[in-house]
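Remarks on the overall topology
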Amino acid sequence: MAAHSCSYSALLLIICTATEAAGKTSEQPAVEERSWEATEVEEATLHEAAADKRDTPAPETEAPSPIPQPKDDFQEELVIRPLHSGDIYASFQFRTLWETDFMSGNKVSHYRLFPKSLGQVISKFSVRELHISFTQGYWRTMQWGQPFQPAPPGAELWVWFQDSVTDVDGTWKELTNVLSGIFCASLNFIDSTNTVQPSASFKPLGIGNVTDHRFLRYATLPREIVCTENLTPWKKLLPCGSKAGLTVLLKSEKLFHSSFHSQAVHIRPVCQDWQCKTTSWELRQTLNVVFDLHTSGQGKREWSLFKMFSRTLTEACPLASSSKIYIDITDDPQGELFELSPATPLLSQAMVLGDRRTFSVYDLTQPVTFGTVRSLNLLIRWKSSEGDMLRPLLHAERYVAGYGLQTGEIHTLMYNNHPYRSFPVLLLDTVPWYLRLYIHTLTVTSKGKDNKPSYIHYQPSKDRLRPHLLEMLVQLPPNSVTEVTVEFERALLKWTEYTPDPNHGFYVGSSVISSLVPSIVAMDTNITMDRPLFSSFFPCKEESSFFVRVYTEPLLVNLPTPDFSMPYNVICLTCTVVAVGYGSLYNLLTRSFQIEEPSPGLAKRLANIIRKMRGVPPL
């Protein structure tokens, strides 16, 4: 279980070369030279101030009591990465940190930055960690690389409950209904048929060594459609809403007109300081979007904030202590591939997914960032289309094989692109009960040879009660493709269990692959440094590896489907027979017949009229 020796990773290295002369010029905007962003100055200043305060003798007169500092903090940032395909990857990170205790049982009544709706959910349902995501589209790893925070297509929800919860299943059901109302989603369709208890794939991301998987629940809805009604309540959780700061860029018609869109909410307890003497609750809201060059209709490789979001930035969120924009310029350090304007003198380096990346930094809390026009519109203009993207070290895909509607095979391919290092991966597969797995047909092959898993956890399904759960720890040889194959049989559902469009097929959730991938460069594990939010979500103490979670494509499987048009045909035929046969017979039995004389001709009627006028009886 070497893959789980540490909690998850992606650590940061900030290079600070602030000399005494650079410190004097840092107060004014540099124009001619770029300078590295010093992120430890604030911490050092606080320590110096505390030391000066201790050295200074206390005055004889009693000083007025200081104003209590708020125990919550809000940060926002935007990371923009130009992709080699010409597309643009934009990642929003919003972090709310609150020094409070939801686990003590004390009722929290005053909320400042932390949303009250989520705080009440944590308190009522005794939630230790909550992770929820809504994704539209599939992340193309081989074209775009690894995302900062991966998510499967559709909706994903996994929750760690506190050990004081007695009825975990009942609490889980109530929690999904409440979250369904908060996010305007179909989470109320989560029940026992699509919920599992992973034993090793999902560990707590916050503090605490809770490893009892009885308090963990994981579920996905691969067919969930993400739209504006999901984005609106997500934005309302932010302190500034969509009125100021980076949230003004979140325009729905632009975000959903993209190749990939994913929004998530992560809640976990974290350490307040490096000694972890006090704890805080972290709410991290993320939104990732990839804009396609061809669907935008521009016809040229040129992007700007206004073209992507139809908005420009005019100010930071007034409640944010930090508001920054990071532009990834690692592949273009000399400005030969693309041009970035306006230029910024601040640079920052961070360890992201095992690679040292360089970013241009725009601090929105500084008025000089917006210039004289009080508006910031970043422009990226490509000069050349050259350059190759490094292949991701870990990649996976999945598909269904076979013919007919009785049996089939599920194939999962895991690629290890590292040239000389092998590493273990943990595979999690959740298969619905109506696909009956033949677990004795499970095979794992690498380079044409059998690859025996070192750990297997399998929980068989129960019809209409729970799905299949399969977890395996597999060692991937270097520069190889490992294939996992298992056969299944399709079940015949009741006619009331089919969806309104049964011929479309039934979705099977994505496979989850977790691994500690060997890093090319040594990673910095100094957690006291001020790191960008996008690089500090998966903490890890390993210096030679970084954590990666990969999701495969969801499967679309056809089941034996009856002809639902036959009831309609039977109803039409029956109604026709009843109308023609029984209707005619009933008409003959109930009709009364009367003899009527034929009507007289026109000449006779005229003669009768004349006779009537003369007072003579009619003919």
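Residues numbered from 1 in each chain as written. Predicted model: local features only at pLDDT ≥ 70, side-chain atom pairs only at ≥ 80, totals over all residues. Heavy atoms only, no water.

An unreviewed UniProt entry annotates the chain as GPI transamidase component PIG-T originating from Dissostichus eleginoides.

1. Quick notes on the pairing of strand β8 (residues 260-271)
Side-chain positions along a regular strand alternate between the two faces of the sheet. Here is the rule: Any residue under 20% of the maximum accessible area for its type is buried, any over 50% is exposed, and the rest in between are partly exposed; the area is computed with a 1.4 Å probe on protein chains only. Numbered from the N terminus, helices here are DSSP runs of H or I no shorter than four residues, and strands are runs of E no shorter than two. Between any two strands, at least two bridges found by DSSP are needed for them to pair.
For β8, the buried fraction is high: 11 of the 12 residues fall into the buried class. In terms of strand pairing, strand β4 (residues 127-136) meets β8 through 7 bridges, oriented antiparallel. Opposite I132, over in β8, you have V265 as the bridge partner. Both β8 and strand β9 (residues 279-291) contribute to a ladder of 12 bridges, which runs antiparallel. From the neighbouring strand, H261 faces β9, where its bridge partner is V289.

2. Quick look at the nonpolar core
The condition is simple: Only buried residues count toward a nonpolar core, which is a set of Ala, Val, Leu, Ile, Met, Phe, Trp, Tyr and Cys residues joined through side-chain atoms within 4.5 Å. Contacts are assigned to residue pairs with any non-hydrogen atoms lying within 4.5 Å of each other.
L313 and I325 are the most contacted members of the largest nonpolar core, which has 88 residues in total. Tallying contributions element by element places strand β5 (residues 154-161) first for this core, with 6 residues. If sequence neighbours within four positions are ignored, I325 has contacts with L78, L246, L313, S360, V361, Y362, L364, L376 and L378. One finds L393, M414, L427 and V550 within the second-largest nonpolar core, a separate group that totals 18 residues.

3. Looking at the pattern of salt bridges
Oppositely charged side chains may form a pair once their charged atoms are brought near each other. Here is the rule: By salt bridge we mean one thing: a side-chain nitrogen of Lys or Arg within 4 Å of a carboxyl oxygen of Asp or Glu.
Inspection of the entire model under this criterion finds 14 salt bridges. In this structure, the salt-bridge partner of D72 is R112, at a minimum N-O distance of 2.8 Å. You can see D72 sitting in strand β2 (residues 72-82) and its partner R112 sitting in the loop between β3 (88-98) and α3 (116-125), a full 40 residues away along the chain. When its relative accessible area of 9% is taken as the criterion, D72 is described as buried. By relative accessible area, R112 is classed as partly exposed at 46%. Linking D212 and R214 is a salt bridge whose minimum nitrogen-to-oxygen distance equals 2.6 Å. With a relative accessible area of 26%, D212 lands in the partly exposed category.

4. Quick notes on the packing of aromatic side chains
Under the convention used in this document: Ring geometry is summarised as follows: Phe, Tyr and Trp rings, the Trp one being its six-membered ring, pair when their centres sit within 6.5 Å, and such pairs are stacked at plane angles under 30 degrees, edge-to-face over 60 and tilted between the two. Remark: a charge is flagged as sitting over a ring if the NZ atom of Lys or the CZ atom of Arg is within 6 Å of the ring centre and within 35 degrees of the ring normal.
Considering all chains together, one arrives at 22 aromatic pairs under this definition. For the pair W139 and W144, a centre-to-centre distance of 5.1 Å together with 75 degrees between the ring planes defines the contact as edge-to-face. For the pair W139 and W144, one class covers both residues: buried. Summarising the aromatic geometry, the rings of Y326 and F359 are spaced 6.0 Å apart at their centres and angled 85 degrees between planes, so their arrangement reads as edge-to-face. Taken together, the residues span a long stretch of sequence, with Y326 in strand β11 (residues 322-328) and F359 in strand β14 (residues 355-363) at a distance of 33 residues. F359 matches Y326 in its accessibility class, with the two residues each being buried. The rings of F74, F92, F94, W234, F291, W303 and F309 are connected pair by pair, giving a single aromatic cluster. Sitting above the plane of the F125 ring, K124 keeps its charged end 5.7 Å from the centroid.

5. Looking at the sheet that holds strand β18 (residues 423-431)
Just so we agree on the cut-off: A fitted line through C-alpha atoms represents every axis, and for helices the fit uses only the stretch in contact; the resulting angles, taken between N-to-C directions, go from 0 to 180 degrees.
What the 5 strands build is an open sheet, ordered β21-β22-β18-β25-β26; its pairing is antiparallel. Whereas interior strands pair on both sides, the edge strands pair on one side only; in this sheet they are β21 (455-459) and β26 (545-551). The mean inter-strand angle of the sheet, taken between neighbouring strand axes irrespective of direction, is 15 degrees. Relative to strand β22 (residues 468-476), β21 runs antiparallel, the two sharing 5 bridges. Bridge pairing links Y458 to L470 in β22.

6. Some thoughts on helix α5 (residues 168-183)
The test is simple: Take the residue count of a helix, subtract one, and multiply by 1.5 Å to get its expected span.
The end-to-end C-alpha distance of α5, which contains 16 residues, comes to 22 Å, matching closely the 22 Å that a straight helix rising 1.5 Å per residue would cover. Along α5, the positions that sit buried rather than exposed are V168, T171, W172, L175, T176, L179, S180 and F183. One or two positions beyond α5, positive phi appears at C184, with a value near 55 degrees.

7. Overview of the state of the cysteines
As a reminder of what qualifies: Count a disulfide wherever a pair of cysteine sulfur atoms falls within 2.5 Å.
The full count for this structure, using the stated rule, is 1 disulfide. Here C240 pairs with C317 through a disulfide, and the sulfurs are 1.8 Å apart. Residues C240 and C317 share a disulfide whose torsion about the S-S bond is about 70 degrees; that sign makes it right-handed. Within this pair, whereas C240 is found in the loop between α6 (228-236) and α7 (252-255), its partner C317 is found in the loop between α8 (305-309) and β11, the two being separated by 77 residues in sequence. For the residue pair C240 and C317, the accessibility class agrees, reading buried in each case. You can see C575 has no disulfide; the closest cysteine sulfur is in C572, sitting 6.8 Å from it.

8. Describing the environment of V400
With respect to the helices and strands, the residue V400 is situated in strand β16 (residues 394-401). The class for V400 is partly exposed, based on a relative accessible area of 30%. Placed 87 residues apart in sequence, V400 and E487 show a C-alpha to C-alpha distance of 9.7 Å.

9. As for helix α10 (residues 602-614)
Residue pairs three or four apart in sequence face the same way in an α-helix, which turns once every 3.6 residues. Taking 1.5 Å of rise per residue, the 13 residues of α10 would be expected to cover 18 Å, and the 19 Å separating its terminal C-alpha atoms lies within 8% of that figure. Two residues or fewer after α10 comes G615, characterised by a positive phi angle close to 80 degrees.

10. Some thoughts on the pairing of β4
Extensive coverage of β4 is indicated by the burial of 9 of its 10 residues. Two strands pair when backbone bridges link them, and β4 and β5 are joined in this way by 8 bridges, in the antiparallel orientation. Across the sheet, T135 pairs through a bridge with G154, a residue of β5.

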